[in-house]
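Structural features, examined
Okay, here's what each chain looks like letter by letter:
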Amino acid sequence: MKTLGKSVRKAVIPAAGLGTRFLPATKAMPKEMLPVVDAPAIQYVVEEAVSAGLTDVLMITGRNKRALEDHFDRAPALERTLELKGDQVRLDAVQHASGLGPIHYVRQGEPKGLGHAVLCGRQHVGDEPFAVLLGDDLIDERDELLTTMMDVQAKTGGSVIALIEVEPSQISAYGCADISAIEGEDYVRVNSLVEKPSVDEAPSNLAVIGRYVLHPAVFDVLEETEPGRGGEIQLTDALQTLAAGEGEGSGVYGVVFRGRRYDTGDKLSYLKAVITLASERAEFGEDLKTWMKTFSG
Ligand code: UTP
């Protein structure tokens, strides 16, 4: 495969949102720390970045987000206690999170939107393509997505988004892409993007999900992007500018993902994600499924 650009090494994980859909649970705790079975959602996302070969993780945090830093840090007193008890299994689980590699943090002083959160990573990322992973979208580790997107970025030299097909009635909850097929390729060209369109306005049923591999040209565009929907600086609006533009760093491409994805950003989707992943656990999955069959509410 022809490589136009530098390879992707850095991941930016925006986690500075207010998580209002999950109140009151998120009043004092980041929504990214909500447990998905027995690990916080954010841990799955960092694990995904590391297994895709990304060696430099930058998390965008804000007020009330200290638990995120603590989770990925060493916990000497806890580790010593588990060691003394000879509880190797729990000790390994605790050390796993801090062993995922150094994580860098930068604070977004005010949650002005996802686009603004990504812009906060500018200085750390510099002039190279980078991945963005949203903390409330989980991609099953058995399914390939990020590495495919990184290959498409290297091949096209543009920016790459991940798309899923949704029921037309669901599209207004997502960013939506108008696309064209590219002959001989399994990725598509993104002609335009619109954030949370009404069903009538939506150009397709292809919804943008929380994985991006972006050309650093997005930073200049974000600097100029005015607040859009909801008064927030929208990453979708900046990508729309790149999709319509010409020259170095323009061009947006899409990878249509057909694997397993779990949304943990709202209550019902979160509950479904937890039940799906819990029912696959060797230690209690079968018991849980048996109980669910008998559960009638
Ligand atoms: P969401 O819109 O899903 O997160 O943003 P939110 O704003 O926290 O949630 P609700 O809608 O109020 O319930 C997607 C991702 O972007 C981050 C969020 O933390 C989430 O991971 N984000 C959003 C920021 O980092 N900063 C922002 O200003 C907005």
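Refer to the preceding data block for the structure.
Here the structure is a predicted model, which is why all the values come from computation and not from measurement.

Bringing the site of the ligand into the picture now. The full set close to the ligand counts 19 residues, and Gly19, Thr20, Arg21, Gln108 and Gly113 are the nearest of them. Between the ligand and Arg21 there is a distance of 2.7 Å, counted from an oxygen atom to a backbone nitrogen or oxygen. One of the backbone N or O atoms of Lys112 is found 3.3 Å from an oxygen atom in the ligand. Put simply, the ligand lies in the largest pocket. By residue class, the composition of the shell around the ligand is eight nonpolar, six polar and five charged.

Before going further, it helps to spend a moment on the pattern of salt bridges. By the definition in use, this model includes 21 salt bridges. Taking the shortest distance from any N to any O, the salt bridge between Glu223 and Arg122 comes out at 3.0 Å. Of this pair, Glu223 sits in helix α8 (residues 217-224) while Arg122 sits in helix α6 (residues 122-125); the two residues are 101 residues apart in sequence, bridging distant segments of the chain. When its relative accessible area of 46% is taken as the criterion, Glu223 is described as partly exposed.

A word on the nonpolar core. By size, the foremost hydrophobic cluster in this structure holds 51 residues, and its most contacted members are Met59 and Leu146. Looking at this core, the element that brings in the most residues is helix α1 (residues 41-51), giving five residues. If we ignore the near neighbours within four places in the chain, the residues touching Met59 are Ile13, Ala15, Ile42, Val46, Leu68, Phe72, Ile103, His104, Tyr105 and Val106. Judged by nonpolar contacts, the second largest core, of 33 residues, contains Ala16, Val188, Leu214 and Leu235.

The next point concerns helix α7 (residues 146-156). Residues lying three or four places apart along an α-helix face the same way, a consequence of the helix completing one turn every 3.6 residues. All of the buried residues in α7 are Leu146, Met149, Met150, Val152, Gln153, Ala154 and Thr156. Buried residues along α7 sit in contact with α1, β6 (130-133), β8 (159-165), β11 (206-214) and β12 (252-256). Just downstream of α7 lies Gly157, where phi reads positive at about 75 degrees.

Our next topic: the side chain of Asp137. Topologically, Asp137 is positioned in strand β7 (residues 137-139). Accessibility expressed as a relative area gives 5% for Asp137, which makes it buried. Those residues in contact with Asp137 that sit more than four places away from it in its chain are Val45, Ile209, Gly210, Arg211, Arg261, Tyr262 and Asp263.

Calculation notes
Residues numbered from 1 in each chain as written. Predicted model: local features only at pLDDT ≥ 70, side-chain atom pairs only at ≥ 80, totals over all residues. Heavy atoms only, no water. Near = heavy atom within 4 Å. Polar contact = N/O pair within 3.5 Å; in protein donor to acceptor, adjacent residues only side chain to side chain. 1 Å grid on protein atoms, 1.4 Å probe; cavity = no way out; pocket = protein on both sides within 12 Å on 5 of 7 lines; lining within 4 Å. Sits in = over half its atoms within 2 Å of the grid points. Nonpolar A, V, L, I, M, F, W, Y, C, P; charged D, E, K, R; others polar. Salt bridge = Lys/Arg side-chain N within 4 Å of Asp/Glu carboxyl O. Helix = DSSP H or I, 4+ residues; strand = E, 2+ residues; numbered from the N terminus. Buried < 20%, exposed > 50% of the residue type's maximum accessible area, 1.4 Å probe, protein only. Core = buried A, V, L, I, M, F, W, Y, C linked by side-chain atoms within 4.5 Å. Contact = heavy atoms within 4.5 Å.

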